[in-house]
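Geometric and topological summary
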Amino acid sequence: MSDYSIGLTGLNAASTALEVIGNNIANASTDGYHRQRVELSPSAYGGDGTAVVGAGVDVSGVTRLVDKLLEAEIMSQESSYAQITQELSVMTTVETTFGEFSEDGGLNATIDEFFSALEALAGHPLESVYRSDVVSAAEVMCSEFQRLGNSVEDLRGQIVLEAQNMGDSINSLITQTAELNGKIQNIEVGGGQANNLRDQRDQLISDLAQFVNVDTQERDYGVVDVSIAGLPAVTGTVTLGIHVGLNNDGTLGISAEGNQGRSLSIEGGELGGLLLLNNELLDEVANDLDTLAKAIVDTVNQYQVQGLGTEGSFTELTGWGVGDGTLSSLGTDVTDGSFHVRVTNAETGEVERYEIEVDASGSPPDTVESIAAKIDAITGLSASVVSSQLHIVAEQEYAFDFLPAVSPEPTSTSFTAASPAAVSVSGVYNGDENDTFTFMVEGTGSVGNGTLRLSVTDGDGNLVSTLTIGEGYAAGDALDLGNGIKIEVSTGQFNDADSFEVDVFAFTDTSGFLMAAGMNTFFSGAGASEMQVCGEIADSPDRIATAYGSDLTDNTAALRLAGVQDEEVDSLGGMTANEYYQRLVADVGQEVSLLESRQQNIEAILQNLANQRDETSGIDVNDEAAELMVYERMFQAMAKYLSTLQETIDTLVNIV
Amino acid sequence: MSGSLTSIYNNVSYALNLQSTAMTLLQEQASTGNRVNRASDSPSEAYRILGLNSQERSLADYQETVSELIGNLEISSTIISDMTSELASIQTLLTQIVGGVYDAEGQARIAEKINSSLEQLVSLANTQHAGQYLFGGGNTSTAPYEVIREDGQIVQVSYQGSDTSRSINVASGLSIETYQVGDEIFHSDDRETPVFLGETGAAAGTGTSTVEGDVWLTVDYDGANYRVSIDDGATYVTVPAGGDSNLAVTDSRTGKVLYVDTTGITATGTELVRVPGTYDIFTTLIGLRDLLLNERGLDTRQVLDYANECVAAVDEVYNVLLQAEVSTGSKTGFLETLSNNLEDMEYDTQDETTRLQEADIAQITIDLARLEVLYEMSLSVAGTLMNVSLLDYL
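Residues numbered from 1 in each chain as written. Chains lettered and ligands numbered in written order. Predicted model: local features only at pLDDT ≥ 70, side-chain atom pairs only at ≥ 80, totals over all residues.

1. Details of the overall build of chain A
Along chain A, the regular secondary structure elements total 12 helices and 29 strands. Against the 2.2 N^0.38 benchmark of 26 Å for 656 residues, chain A shows a C-alpha radius of gyration of 43 Å, more extended than a compact globule. Along the longest, intermediate and shortest principal axes, the C-alpha atoms of chain A span 165 × 45 × 40 Å. Expressed as a percentage of the 656 residues in chain A, the buried residues total 46%. Residue pairs at least 24 apart in sequence account for 69% of intrachain contacts in chain A once pairs closer than 6 positions are excluded. (Helix = DSSP H or I, 4+ residues; strand = E, 2+ residues; numbered from the N terminus. Rg over C-alpha atoms; globule rule 2.2 N^0.38 Å. Buried ≥ 20, exposed ≤ 12 C-beta atoms within 10 Å, placed from the backbone. Contact = placed C-beta atoms within 7 Å.)

2. Some remarks on the overall build of chain B
Helix and strand counts for chain B stand at 7 helices and 14 strands. Along the longest, intermediate and shortest principal axes, the C-alpha atoms of chain B span 155 × 45 × 30 Å. For chain B, the proportion of contacts with a sequence separation of at least 24, taken over those separated by at least 6, is 68%.

3. Quick notes on the interface of chain B and chain A
Taken together, the contacts link 51 residues of chain B with 52 residues of chain A. Among the elements of the structure, helix 1 (5-32), helix 2 (43-98) and strand 5 (166-171) of chain B are those that each provide at least two residues to the side of chain B that touches chain A. Element by element, the count of residues in the side of chain B that touches chain A is highest for helix 2 of chain B, at 12 residues. Of the residues that constitute the side of chain B that touches chain A, the class distribution is 14 nonpolar, 31 polar and 6 charged. (Nonpolar A, V, L, I, M, F, W, Y, C, P; charged D, E, K, R; others polar.)

4. Overview of the environment of B:Ser54
If you trace the backbone, B:Ser54 turns up in helix 2. For the pair B:Ser54 and B:Thr349, spaced 295 residues apart in sequence, the C-alpha to C-alpha distance is 10.0 Å. Filtering out sequence-adjacent residues up to four positions away, B:Ser54 remains in contact with A:Asn108, A:Asp112 and A:Asn578.

5. What to know about the sheet that holds strand 19 (residues 423-427) of chain A
All names here are of chain A. Read from one edge of the open sheet, 3 strands run 19-25-24, paired in antiparallel fashion. Pairing within the sheet leaves two strands with one partner each, and these edge strands are strand 19 and strand 24 (478-480). The average undirected angle you get between the axes of adjacent strands in this sheet is 30°. Across 5 bridges, the pairing between strand 19 and strand 25 (residues 485-489) is antiparallel. (Pairing = 2+ DSSP bridges. Axes fitted to C-alpha atoms, helices over the stretch in contact; angles between N-to-C directions.)

6. Digging into the packing of helix 1 of chain B against helix 7 (residues 361-387) of chain B
Two quantities define a packed helix pair, namely the angle between the axes and the distance from one axis to the other. Residue and element names in this part refer to chain B. For the pair helix 1 and helix 7, interaxial distance at closest approach is 9 Å and the crossing angle is 160°. It follows that helix 1 is roughly antiparallel to helix 7 by the angle criterion. Every pair of crossing elements has a handedness; the one defined by helix 1 and helix 7 is left-handed. Facing Ile 8, Val 12, Ala 15, Leu 16, Gln 19, Ala 22, Met 23, Leu 26, Gln 29 and Ala 30 of helix 1, the residues of helix 7 in contact are Ile 361, Ile 364, Asp 367, Leu 368, Leu 371, Leu 374, Tyr 375, Ser 378, Ala 382, Leu 385 and Met 386. Split into classes, the residues belonging to the contact of helix 1 with helix 7 amount to 17 nonpolar, 3 polar and 1 charged. (Parallel < 35°, antiparallel > 145°, perpendicular 65-115°, else oblique. Left-handed = near helix turned anticlockwise from the far one by under 90°.)

7. Digging into the environment of A:Val140
When you line up the elements, A:Val140 lands in helix 4 (residues 128-189). For A:Val140, the residues in contact, after removing those within four places along its chain, are A:Thr110 and A:Glu113.

8. Regarding helix 2 (residues 68-98) of chain A
Counted at 1.5 Å a residue, the expected span for helix 2 of chain A with its 31 residues is 45 Å, and the 45 Å between its end C-alpha atoms agrees. The first or second residue beyond helix 2 of chain A is A:Gly99, which carries a positive phi of 70°. (Expected span 1.5 Å × (residues − 1).)

9. Observations regarding the pairing of strand 27 (residues 499-504) of chain A
Every regular strand shows the same layout, with side chains that alternate between the two sheet faces. Of the strand pairs in this sheet, strand 18 (residues 412-414) of chain A and strand 27 of chain A are connected by 3 bridges, and their pairing is antiparallel. Note that in strand 27 of chain A the partner of A:Thr413 across the bridge is A:Phe500.

10. Some details on the pairing of strand 23 (residues 463-468) of chain A
All names here are of chain A. Sheet topology places strand 22 (residues 453-457) next to strand 23; 5 bridges connect them, and they run antiparallel. Paired with Val 456 across the bridge in strand 23 is Ser 465. Hairpin connection, strand 22 to strand 23: the antiparallel pair is bridged by 5 residues, and Gly 461 has positive phi, about 85°.

11. What about the confidence of the model for chain B?
For chain B, the average pLDDT comes to 92, and 99% of its residues sit at 70 or higher. Scoring the predicted complex yields pTM 0.89 and, for the interface, ipTM 0.89. (pLDDT = per-residue confidence, 0-100.)

12. Describing unusual backbone geometry
Residue A:Pro364 follows A:Ser363 across a cis peptide bond; omega there is 0°. One can find A:Pro364 in the loop between strand 14 (351-358) and helix 7 (368-376). At B:Asp151, a residue that is not glycine, the phi angle is positive and equals roughly 55°. The backbone of B:Tyr179 sits at a positive phi, close to 55°, despite the residue not being glycine. Counting through the fold element by element, B:Tyr179 comes out in the loop between strand 6 (174-178) and helix 4 (182-185). Here B:Tyr179 falls in the buried class, since 29 other C-beta atoms lie within 10 Å of it.

13. Thoughts on the nonpolar core
All names here are of chain A. Counting 244 residues, the largest nonpolar core has Leu 118 and Leu 208 as its most contacted members. Ranked by residue count, the leading element in this core is helix 4, at 20 residues. In this structure, Leu 208 is in contact with Ile 170, Leu 173, Thr 177, Val 214 and Val 226, ignoring residues within four places of it in sequence. Counting residues in hydrophobic clusters, the runner-up holds 8 residues, among them Ala 13, Ala 14, Leu 628 and Met 638. (Core = buried A, V, L, I, M, F, W, Y, C linked by C-beta atoms within 7 Å.)

14. Topic: the sheet that holds strand 10 (residues 226-229) of chain B
Residue and element names in this part refer to chain B. Taken in spatial order, the 5 strands line up as 7-14-9-10-11 in an open sheet, and their pairing is antiparallel. Only two strands of the sheet have a single partner each, and these edge strands are strand 7 (195-196) and strand 11 (237-238). Pairing of strand 9 (residues 213-221) with strand 14 (residues 269-275), which is carried by 7 bridges, proceeds in the antiparallel orientation. Each bridged residue has a counterpart across the sheet, and for Asp 214 the counterpart in strand 14 is Arg 274.

15. Looking at the packing of helix 5 (residues 195-211) of chain A against helix 6 (residues 269-305) of chain A
Residues and elements named next belong to chain A. Here helix 5 crosses helix 6 at 10°, and the two axes come no closer than 2 Å. Relative to helix 6, the element helix 5 is oriented roughly parallel. Residue-level inspection shows Ala 209, Gln 210 and Phe 211 of helix 5 in contact with helix 6, the latter providing Gly 269, Glu 270 and Leu 271. Residues of the contact of helix 5 with helix 6, tallied by class, amount to 3 nonpolar, 2 polar and 1 charged.

16. Side note on helix 3 (residues 107-123) of chain A
The end-to-end C-alpha distance of helix 3 of chain A is 24 Å, a good match for the 24 Å that 17 residues give at a rise of 1.5 Å each. When you tally the buried positions in helix 3 of chain A, you get 17 out of 17 residues, the bulk of the element.

Here it is in C-alpha cells:
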C-alpha cells in the first residue's frame, strides 16, 4: 500500500508547507522574525519490482532563512548606531544648552557685556552707577557659567543613572537569552526545531547589541554564547552579569558582577555611548568650562586684589575658606614670592609699605597661619585665621591696602650734601614687572643750577633716562620717567654720586597668596558651577578696584580689569577668554556635526543591510501568496491522487 | 530588492525621514533667516560668527565711548571758546587802559569788570558735564579749582584736580587722554628767564627760578648791605658785598625761589618781575585787577607801565587758551574720524556676519520645492507598492 503512503506524505508535506506559509504571513511584521521555509525531500525508497518510483515526499525540516554574516554585520552596525545616537542626543542637548545663536545670546554675549561694563567703568571710575552695572553684568555672567556648569553636571548625573538602569536591562537580557538557550537546546536535542525560539533569542541578542557591542558564538543545538568586551555574559545557560558604577576618579566604569575591581572596556551600543559621553565628551566640556571660568576668576582677581575702589583703603578684610591652612590646599597656586601691604596712619597721613615674604617651597613651608602672624607683626594691623578664613583688621587710626602706587618718598636715599633737596615720587608704574630704579646724581650743586643731572637705571643696571635738574629745571616741576612714574625735586643741594632708589610695582603680590586666600577678590569659585561675585563686591560695588594710584582718582585698575578680555591667558592655551569659549562652542558643534554625519552614514548602511536581509529573511506577502497557491494545488492534487487511487482499488474490488 | 512589507515600509520611512529632516532644516532657516542656527550647522563658520558678534559688540561700545567723548570735548571746546572771548574783551580793555582812555576811577571800574570775568572764568573752569568735572583731569568728582576770597574777592585760585588726564580706550589697542588737566590747559608751561621791570639794577640770576607769573621784588638797604625780598618784606635776603650773580630769594609764603643777579643793584625800591611762560589765566587776572585797583599805591605812570607789561601776560594766557581750543578741536576731529571708521568697521563686521550666517531665501525656496516633489514621490511609490498585491487576484 505504498501508493497510499505516497499520497499521505504529499498531503502531509503540503499541509506543513501551508502551516509554514501561514506562520510567515502571520509574522510578516514581527521584529526579528526570519522567513521560514519547509524543506521537502523525496522519500528514501519505494520499490515495485525493478522500477523505482519513490515513496513520496518527506518533510526534512523547516528552516529559517538567515544570512548569519549579514546578521552579525547588522548587529554590529546597530550597536554603533545606538552608540552614536546616544552620543548625538546628549551632545545636541549640550549644544542647545550653550544657547549661542539664540535671541537671548549665551555666555559669549555675557562675557562681552561684563567686560563692556568694565570698559564703561574705566571711563567713569568715580561714578557709582557704572559700578552697579559691572556687578550686574558680572552676576549675569556668573549665572550663565553656573547654568552651563550645572547643566553639564546634571547631564553627567543623568548619564550615570541611565547607565545603571541600562546595566539592569542588560543583565535582564542576558538572563532571558540564557533561558531561551536552554529551551532551544532542549527542543533541538530531541530532534525538534525551535525556529521561533531562535528568533526570539536572536532578537534579545539584537536588543542587547543596542546597549552594548556583543560577540556571539553559535554552538550545537542552536545554543549561542554571548560575550561583552571579553566578558562571557552568556555561556549556554550560564550567565555573568555586569555592574555599572562610578570609579574613584569619578568616571563611569563597567565591571563583571561580583568582580567590581576589573574594569571592562566597553565599546558600542548605548552604554558605550554613555561611557564615552561621561568619561570623555562631557568631561572635556566640563573641564573646558571650568578652565575658562577659573581663568577669568584668576585673571580678574589678580588685578582686583591690589586695587582700590572709591571706598578706599580697608579697615577690615576677610578672605574665603582656606581649607586646612596649608598653601598647597588653596584653590590657586601660591609660589615663593612676597606681597606688599601699605598701611596708612589716618591721623598723621604717614604711609608705610611692608613686604611679607611667602615661602611656599621651604621646609616647612609657610601656612596661612604663619603668614597671618607676619601680617600681625605690622604696626597698626592684626591678623589671624578665624573660621578657616584669613582676617586682617586695622587699628582705629589705621587703614591698609595692597596698592601698587609708588611710595611718595624714595625707598632709600644716600645724600651727602648739607641741605639735600627733597625728592617726591608719584604715579603708577605701567611696566610688566616689579623693579627698583636707582637715581644717581651727576655733578654737585643746587637744584636748578649748573649741569646737575640724574641718571636713572633699572634693577638690571640698564639706563632708563637722564633727567636734567640743573639749569633749566624749576625745582618742584614734575619729571616724567615715561613709565608712569614722576619725580619732583625741591630746591636744595646734591653732591656728585648722591643717589636714591625708588621701588616700583607692577604687582604687589608676586606669590599669588592674597588671591588664593580671597583677600579683596572680585570672583570666587574654582569652576563654572561655583563661580560667583564675592559678597563684599556685590554688597558694596564701591569695592571694585578702579585705581592703583594713591589718590584713587585714576582708572588704571579698571583699565587692567577691562583689558582682561583681550589678554592671552596661558591656562587657556594662549587664547583670550572669548576665543577659548568660541573654540569650545565650535568644538561641541564639530562633535555634533561629526556625530550627525556618522549617524546618517550608518543609517544608510543599515538601511541597505536591512534591505539585503529582507531579501533573504523578509516576508513578501505576494511571494507567500504564490507559495500558498502552489501548496494548495499540491494538496488538491494529492487529494485527487488518493481519490483516484481509491477509485482504482474500488474498481479492482468490484471486479473481484 | 525584496518586496517584503517590512522592506517597503523601511525604505519609505527612511526616505520620508530624510526628506522631512531636510525640510525641517529648511523651514528653520526660512523662519529665522539664518543658515547657521547652531554651531553644528557649520562649526568653522559658527566660530567666526561668534568672534564677529563679539567684535560687533566691542565696536558698538567703542562707538558709544567715542560719542560720549566727542560730547565732552564739544562742551569743553565751547567753554574754552567762551573763556577766550572773555579774555579777548579784557585784552581790548587793557589796550584802552594802556592808551590812557581811563582815569583812576575808570580803571577801578575795569578792575570790577575783570573781577566779574574772573568769577565767570573760575565758574567755567569748574563746569560739570554729565556729573563729571571737565577740567580736573582724572579727578572728575571734585571741582578742579578752589578759590580763596578776601572781602568777597578772589585772591587765589588753586588747582585741586588730578595732574594726569584719564586714559580711555577708544578702539582696540588705542586709547585717548580725556578730561583735560586744567593746570595744563589754563596755565602756560614754557618758562623763560625772568624779566625785571624796575630801576633797582637787579637782574635775572643764572639759576632756574621756580616763581611763576608776576613777582614783586623789594630792594632796600639796611645801612650796610642791600637786602632783597619777594614776599613784600616778610623775609629778606642780604646781598653780600659786591653782589651775588645768582642769589636765591625765597618767598616765605610759597617756598618759591627767584634767582637774582644782585651785582648791579644800585637803588632801592619795589619792582615787578615777570616770568614769561609761567602765567595762568586766573593769577594773571587777579594780578591785573589788583594793579588797576592800585593796592600798592603806585603812581599813575607806573600803573600804566605795568599795565602795558600785563598785555604780554594776558596775550600769553590768551594764546594758551587758543592752543587748548585748537588742541580740543583737533582731538574732536580725530574722534569724529575714528567714530566714522568704527562705524564703517561695524558695518563691515555686520556684513561679514550676514554673509556667513544669513540664509539664501531663494535657494531655500528651490530646495524646498525639490524636497516636496521627492517627498510626494516617495509617498506615491509607497502607495503603489502597498496597493499592488497578488491577493487581489486570487
